Amino acid sequence: MTSKHFHVVQIDSVVSMKRTHALVLVVLLAWQPAFAVKPSEAKPNVLLFLVDDMGLMDTSVPFLADRLGHPTRYPLNDFYRTPSMERLAALGTRYSQFYANSVCSPTRTTLMSGQYSARHHTTQFIRPENRNTGEFGPVDWKWEGFAKTDPTLPAQLRAQGYRTIHSGKAHFGPIGYWAENPANIGFDVNIAGCSFGQPGSYLGEKNYGHGIDKRQKRAVPGLESYHGTETHLTEAITIEMKAAISSSVAAGMPFFAYMSHYAVHAPFEADSRFIDHYRDASNPRLAAFASLIEGMDKSLGDLLDHLELLGVAENTFVIFLGDNGTDAPIGDVHQIACSAPLRGKKGTHYEGGMRVPMIAAWAKKDEGNGFQSQFPVLAGRLITNGFAHIADVPATIMNLTGTKPGDGHRVDGMSLLPSIGGQPLPQDREFLMHFPHSHRSSYFTSYRRGNHKLIYHYPVGGGFESNKAAGAIEMFDLVTDPDESHNLASRDPDLAGEMLSAMQSALADSHAQFPTVDGEEVRPDWP
């Protein structure tokens, strides 16, 4: 089955309501409280607002803080314009240290499964036409994405009575495989989702890539009614999501809405609605990137407005996040540039490649609302003490909805509801980011525990030799050295050894796959 067979899967009521409103990238968490609530509040709505290739600094909302925990603005915060993110941050809680994988498909699979990439084995971005393994990557990594028997978050929520809606980028599986179609992994409604992650074009005038020889294989499906118009892709999938939400509300059904933007992935085609705000930028590609950010932000604001219009904002919990570090066209990928003051960008093992924005909030504050009383959100709060990560999002949603992960299905995250409500994060947490492939940073495992981060470079593909200057092992104290400039591995070998041992245990517990040379796995060890 190829993508042309399922371009858009929509219920009739959604089709009849298309083009009626605009939607936002938000995550709405659902739960079943232990006390009586009004029938309309029986199950809260869940909306997950995911942005592609958006890093921690690609916003006017400050996510970094000084030593006292006070939000601190940097030049990039003053370059981007994201008033809707500011609105959401004022309503809710945001995390200064929130981790995703450094590339997209592993993160998206984690969001749907709750597992580390080392455990679910989709460890590289999925190339729709062929297995994107790399010279020394594990041959049997899960390039095919979800299998028919795999439990997924939308399927579990659908079993709980939710209408599950997908709009935008999917990238769950390659062409011809089960996970290519979001409907196969549990979504009742699929708007414009298919095997690939990069759109052929963002422009309605270019039919989103249809009819363009060089872009036809990445032409966005199912939006034919917008072809030839001035409707930007970000706007089109937002309008369709709003219509799907309206249909669900009209039917009296709670919804899980996964608003997954293609933006701000390349190609950097300017959003004409906002490009004039960046005419002074010296780099035209950066100006286009910034206009895509602002277009995404308008989608967020439109969705918040739409939820209020429908009268469901008070019962809707929103989670906003990015899928990996930024790919803004500024500077070298491993240096302090497009994520400044953090180091690195998308595809790297440094903080700029792994840290993403995350905001959790009720779409509208209502102190008399039963759900909000039971699950409070501290408004305007920035959490700097401790870290959270991508597997926590599905764990939180499952906790809120009373959804079980399935027999024998391990979930690596924890519910963030206590943290969002004001309790401190555990200080002994760990995060495992495993990448046994070649890319901008190649053949590595990144492991965070407490304040320290270890990066292990596997001695394959030149990776060992090229990293000798820093050492095959890098270790940083992210409190005293947030820009990862001082490798502590040789200065504190005892701690480095302890961290390496803990990383090895986490990999073993996850049944991780490793780089392979001549049919033999290369496992982490001291150089």
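Predicted model, so just to flag it, every value in this text is computed and none were measured.

**Student:** Can you walk me through the overall build of the chain in this structure?
**Tutor:** Within the chain, the regular secondary structure consists of 14 helices and 16 strands. Of the roughly 18,500 Å² that the chain leaves accessible, carbon and sulfur atoms contribute 50%.

**Student:** What should I look at first to understand the packing of helix 3 (residues 83-91) against helix 8 (residues 284-310) in this one?
**Tutor:** Geometry of a packed helix pair, given as the angle between the helix axes and the separation of the axes. In contact at an axis separation of 7 Å, helix 3 and helix 8 are set at 50 degrees when each is read in the N-to-C sense. The orientation of helix 3 relative to helix 8 falls into the category oblique. Between helix 3 and helix 8, the contacting residues are Pro83, Ser84, Met85, Arg87 and Leu88 on the first element and Met296, Asp297, Lys298, Leu300, Gly301, Leu304, Asp305 and Glu308 on the second. Across the contact of helix 3 with helix 8, the residue classes tally to six nonpolar, two polar and five charged.

**Student:** I keep staring at the side chain of Ser117 and nothing clicks. Help me out?
**Tutor:** Within the fold, Ser117 resides in helix 5 (residues 117-120). Owing to a relative accessible area of 1%, Ser117 belongs among the buried residues under this scheme. Among the polar contacts made by the side chain of Ser117, one reaches the side chain of Asn101 at a distance of 3.3 Å. Leaving out residues up to four positions away in the same chain, Ser117 has contacts with Asn101, Pro106, Thr110, Thr122, Thr123 and His434.

**Student:** Sorry if this is basic, but what is going on with the nonpolar core here?
**Tutor:** Most often, soluble globular proteins have nonpolar side chains that are buried together. Met85, Leu223 and Phe320 are the most contacted members of the largest nonpolar core, which has 64 residues in total. At the level of secondary structure, the elements contributing two or more residues to this core comprise strand 1 (45-51), helix 3, strand 5 (189-191), helix 7 (233-250), strand 6 (255-260), helix 8, strand 7 (316-322) and strand 8 (358-362). The dominant element in this core, judged by the number of residues it contributes, is helix 8, at 12 residues. Among residues more than four places away in sequence, those in contact with Met85 are Met54, Thr59, Val61, Phe63, Met296, Asp297, Leu300, Phe320, Pro357 and Ile359. Leu153, Phe187, Phe256 and Ala388 belong to the second largest nonpolar core, which has 39 residues in total.

**Student:** Would you mind going over the pairing of strand 11 (residues 430-435) with me for this structure?
**Tutor:** Most of strand 11 is tucked away, with five of its six residues classed as buried. As judged from the six bridges shared by strand 11 and strand 12 (residues 444-449), these two strands associate in the antiparallel manner. When the bridges of strand 12 are listed, His434 appears paired with Thr445.

**Student:** Quick question: what am I supposed to make of helix 14 (residues 493-509) here?
**Tutor:** In this model, helix 14 (17 residues) spans 24 Å end to end at C-alpha, consistent with the 24 Å of a helix rising 1.5 Å per residue. On its buried face, helix 14 is in contact with strand 11, strand 12, strand 13 (452-457) and strand 14 (473-477). The first or second residue beyond helix 14 is His511, which carries a positive phi of 55 degrees.

**Student:** Hey, could you run me through the pattern of salt bridges in this one?
**Tutor:** Side-chain pairs of opposite charge can arise whenever the charged atoms involved come near each other. By the definition in use, this model includes 33 salt bridges. A salt bridge links Asp276 to Arg279; its shortest N-O distance comes to 2.9 Å. When its relative accessible area of 56% is taken as the criterion, Arg279 is described as exposed. In this structure, the salt-bridge partner of Glu484 is Lys453, at a minimum N-O distance of 2.9 Å. Here the residue Glu484 occupies a position in the loop between strand 14 and helix 14, and Lys453 occupies one in strand 13, the gap between them amounting to 31 residues. Assessed through its relative accessible area of 0%, Glu484 is described here as buried. Under the relative-accessibility criterion, Lys453 is labelled buried at 0%. Through salt bridges with shared partners, a single ionic network connects Arg87, Asp305, Glu308, Glu314 and Lys364.

**Student:** Looking at this structure, how should I read the sheet that holds strand 6?
**Tutor:** Think of a sheet as strands paired side by side through backbone hydrogen bonds, with each pair either parallel or antiparallel. Strand order across the open sheet formed by eight strands is 5-4-6-1-7-8-2-9, with mixed pairing between neighbours. Both edges of this open sheet fall to strand 5 and strand 9 (381-383), since each of them pairs with a single strand only. Looking at each pair of strands side by side, their axes are set apart by 15 degrees on average, direction ignored. Inspection of the sheet shows strand 4 (residues 163-168) paired to strand 6 by six bridges, in the parallel sense. Bridging across to strand 6, Ser167 finds its partner in Met259. The sheet strands contacting helix 7 are strand 1, strand 4, strand 5 and strand 6, and the helix crosses strand 6 at an angle near 180 degrees.

**Student:** Looking at this structure, I do not really get the packing of aromatic side chains. What am I missing?
**Tutor:** The way to describe two aromatic rings as a pair is by their centre distance and the angle between their planes. Counting across every chain of the model gives 20 aromatic pairs. Between Phe49 and Phe320 the ring centres are 5.2 Å apart and the planes differ by 20 degrees, which places this aromatic pair in the stacked class. Residue Phe49 is found in strand 1, and its partner Phe320 is found in strand 7; the two are separated by 271 residues along the sequence. Phe49 gets classed as buried once you look at its relative accessible area, which sits at 0%. Classification of Phe320 as buried rests on a relative accessible area of 0%. When the centroid spacing of 5.2 Å and the interplanar angle of 70 degrees are considered together, the rings of Trp143 and Tyr177 count as edge-to-face. Here the residue Trp143 occupies a position in the loop between helix 5 and helix 6 (153-159), and Tyr177 occupies one in the loop between strand 4 and strand 5, the gap between them amounting to 34 residues.

**Student:** What am I meant to see in the pairing of strand 14 here?
**Tutor:** A regular strand places its side chains on the two faces of the sheet in alternate fashion. The element strand 14 is largely enclosed, with a buried count of five among its five residues. The two faces of strand 14 match: Ile473, Met475 and Asp477 on one face and Glu474 and Phe476 on the other face are all buried. Sheet analysis places strand 13 next to strand 14, joined by five bridges and oriented antiparallel. Bridging from a neighbouring strand, Leu454 pairs with Met475 of strand 14.

**Student:** Help me understand the sheet that holds strand 14 in this model?
**Tutor:** Taken in spatial order, the four strands of this open sheet run 11-12-13-14, and their pairing is antiparallel. The sheet is open, and its two edges are formed by strand 11 and strand 14, each paired on a single side. Averaged over all pairs of adjacent strands, the angle between their axes in this sheet comes to 10 degrees, without regard to strand direction.

**Student:** What am I meant to see in unusual backbone geometry here?
**Tutor:** Most of the time, phi is negative for any residue but glycine, and the peptide bond is trans. With an omega dihedral of 5 degrees, the bond running from Ala266 to Pro267 counts as a cis peptide bond. Considering the arrangement of structural elements, one finds Pro267 in the loop between strand 6 and helix 8. Of note, the amide linkage connecting Ala340 to Pro341 takes the cis form, showing an omega dihedral of 15 degrees. Structurally, the position occupied by Pro341 is in the loop between strand 7 and helix 9 (351-354). In this structure, Asp53 takes a positive phi of about 60 degrees despite not being glycine. Summarising the element assignment, Asp53 is placed in the loop between strand 1 and helix 2 (75-79). At Glu484, a position not held by glycine, the phi torsion is positive, near 55 degrees.

Cut-offs applied
- Residues numbered from 1 in each chain as written.
- Predicted model: local features only at pLDDT ≥ 70, side-chain atom pairs only at ≥ 80, totals over all residues.
- Heavy atoms only, no water.
- Helix = DSSP H or I, 4+ residues; strand = E, 2+ residues; numbered from the N terminus.
- Areas by Shrake-Rupley, 256 points an atom, 1.4 Å probe, with all protein chains shown as cover.
- Axes fitted to C-alpha atoms, helices over the stretch in contact; angles between N-to-C directions.
- Parallel < 35°, antiparallel > 145°, perpendicular 65-115°, else oblique.
- Contact = heavy atoms within 4.5 Å.
- Nonpolar A, V, L, I, M, F, W, Y, C, P; charged D, E, K, R; others polar.
- Buried < 20%, exposed > 50% of the residue type's maximum accessible area, 1.4 Å probe, protein only.
- Polar contact = N/O pair within 3.5 Å; in protein donor to acceptor, adjacent residues only side chain to side chain.
- Core = buried A, V, L, I, M, F, W, Y, C linked by side-chain atoms within 4.5 Å.
- Pairing = 2+ DSSP bridges.
- Expected span 1.5 Å × (residues − 1).
- Salt bridge = Lys/Arg side-chain N within 4 Å of Asp/Glu carboxyl O.
- Phe/Tyr/Trp six-rings, centres within 6.5 Å; stacked < 30°, edge-to-face > 60°.

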